[in-house]
Amino acid sequence: MSDDTTAATSAWSWDEERVTIGRHFLRDLEGLWSEVLKLAAVVEEALDQSLSALCEGRVDLADEIRRQKPAVDRWEVAIERECVRVLALHQPVASDLRRVAAVLKINGDLERLAELARHIAKRVKKLAADPHAFPIPQPLEDLALAALAQVHHSLDALARADVHNAQAVIKADQTVDRCYRAVIRGLKQDIIDNPDRIDTWLRFVNTARNLERIADHGARIAEAVVYLKEGEILPNPGPALKPGGVSPRP
């Protein structure tokens, strides 16, 4: 995501095509958006650190991510409460209601991304007990990089109000799903070939599942960009219909 928060905020031109009357609503909306972009930058950094910890076997990075949990949780709750306050106070309609609803949705996706980063960090510490766990299998590292790229691109699209890039992220989710299925097939074979390391293989399986969910949330944020710009709600198959037949929960 771009570090230029001012440019990212102005890209949306919140004062155009407004329905709700009052400058106070515009001020509150811009405040909400500013907080979401700041939280997005923090979550993106946490994901960077978490996946670096995974790919490089950096337990020290994993510890740092876990220490960030209280602050990120408070931030996410504060944004949600502010959304509820804005809805109650201004009672926005039409495109203005869509904007507040999108902030709520994106805030929820960011919270889940932060939680998934922590799950991966926690698993890195457990993997460190196996002297042969690192470097991780190359297909799993490729999946990690693909999932992180999804989040990077979706947050860039969010900051720049870029529907074209958002749609590219949504389309790329199918490629990540195929990569995820290939990783799971390989890890199942590893379990068969080397059952003495089953704890390590199962931790890799759970990590792959978390990575697939990270990519999913990146795609959901991209969907929110399309929703904000065009008012189009894109179909989402939901967890039960995701390919691979594996529960998406970490």
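Structure report, in brief. All values derive from a computational prediction rather than experimental measurement.

Under the criterion given, the structure shown has one aromatic pair. When the centroid spacing of 6.2 Å and the interplanar angle of 45° are considered together, the rings of W201 and F204 count as tilted. Taken together, the positions of W201 and F204, both in helix α8 (residues 198-230) and three residues apart, correspond to about one turn of that helix. Across this residue pair, the class does not change: W201 and F204 are buried.

Turning to the side chain of T200, a few remarks are in order. Within the fold, T200 resides in helix α8. T200 sits in the buried class, given a relative accessible area of 5%. Among the polar contacts made by the side chain of T200, one reaches the side chain of D130 at a distance of 2.5 Å. In this structure T200 touches L127, D130 and A133, once residues within four positions along its chain are discounted.

Among the nonpolar cores identified, the biggest contains 68 residues, and L54, L110, L211 and I214 are the most heavily contacted of them. Of all the secondary structure elements, the ones that give two or more residues to this core are α2 (23-56), α3 (59-67), α4 (69-90), α5 (94-127), α6 (138-160), α7 (163-193) and α8. Sort the elements by how many residues they give to this core and α2 lands first, with 15 residues. With sequence-adjacent residues up to four places away left out, I214 is seen in contact with L47, L113, L116, I120, A147 and V151.

Below, the discussion takes up α4. In a regular helix each residue adds 1.5 Å, so 22 residues correspond to 32 Å; α4 covers 32 Å between its end C-alpha atoms and thus fits that length. Among the residues of α4, V72, E76, I79, C83, V86 and H90 are the ones counted as buried. Seen end-on, α4 carries its buried residues on one side only, within an arc spanning 95°. When the buried face of α4 is taken as reference, the exposed residues oriented beyond 90 degrees from it are R74, R81, A88 and L89. Turning to α4, the residues buried within the fold contact α2 and α5. Where α4 terminates, the next one or two residues include Q91, which has phi positive at roughly 45°.

Attention now goes to the packing of α2 against α8. Closest axis-to-axis distance for the α2/α8 pair is 13 Å, and the angle between their directions is 155°. Here α2 lies roughly antiparallel to α8, going by the angle between them. As α2 packs across α8, the resulting crossing turns out to be left-handed. Of the residues in α8, those touching α2 at W33, L47, L51 and L54 are T207, L211, I214 and L228. Its residues assigned to classes, the contact of α2 with α8 shows seven nonpolar, one polar and no charged.

This part takes up unusual backbone geometry. The residue after F134, namely P135, is reached through a cis peptide bond having omega 0°. Structurally, P135 is set in the loop between α5 and α6. Look at Q91: it is not a glycine, yet its phi comes out positive at around 45°. Its place among the elements puts Q91 in the loop between α4 and α5. Of the residues examined, Q91 reaches a relative accessible area of 60% and is grouped as exposed. If you check the backbone angles, A161 has positive phi at about 55° while not being a glycine. Position of A161 relative to the elements: it lies in the loop between α6 and α7. When its relative accessible area of 11% is taken as the criterion, A161 is described as buried.

What counts, and where the lines are drawn
- Residues numbered from 1 in each chain as written.
- Predicted model: local features only at pLDDT ≥ 70, side-chain atom pairs only at ≥ 80, totals over all residues.
- Heavy atoms only, no water.
- Phe/Tyr/Trp six-rings, centres within 6.5 Å; stacked < 30°, edge-to-face > 60°.
- Helix = DSSP H or I, 4+ residues; strand = E, 2+ residues; numbered from the N terminus.
- Buried < 20%, exposed > 50% of the residue type's maximum accessible area, 1.4 Å probe, protein only.
- Polar contact = N/O pair within 3.5 Å; in protein donor to acceptor, adjacent residues only side chain to side chain.
- Contact = heavy atoms within 4.5 Å.
- Core = buried A, V, L, I, M, F, W, Y, C linked by side-chain atoms within 4.5 Å.
- Expected span 1.5 Å × (residues − 1).
- Arc of directions from axis to C-beta.
- Axes fitted to C-alpha atoms, helices over the stretch in contact; angles between N-to-C directions.
- Parallel < 35°, antiparallel > 145°, perpendicular 65-115°, else oblique.
- Left-handed = near helix turned anticlockwise from the far one by under 90°.
- Nonpolar A, V, L, I, M, F, W, Y, C, P; charged D, E, K, R; others polar.

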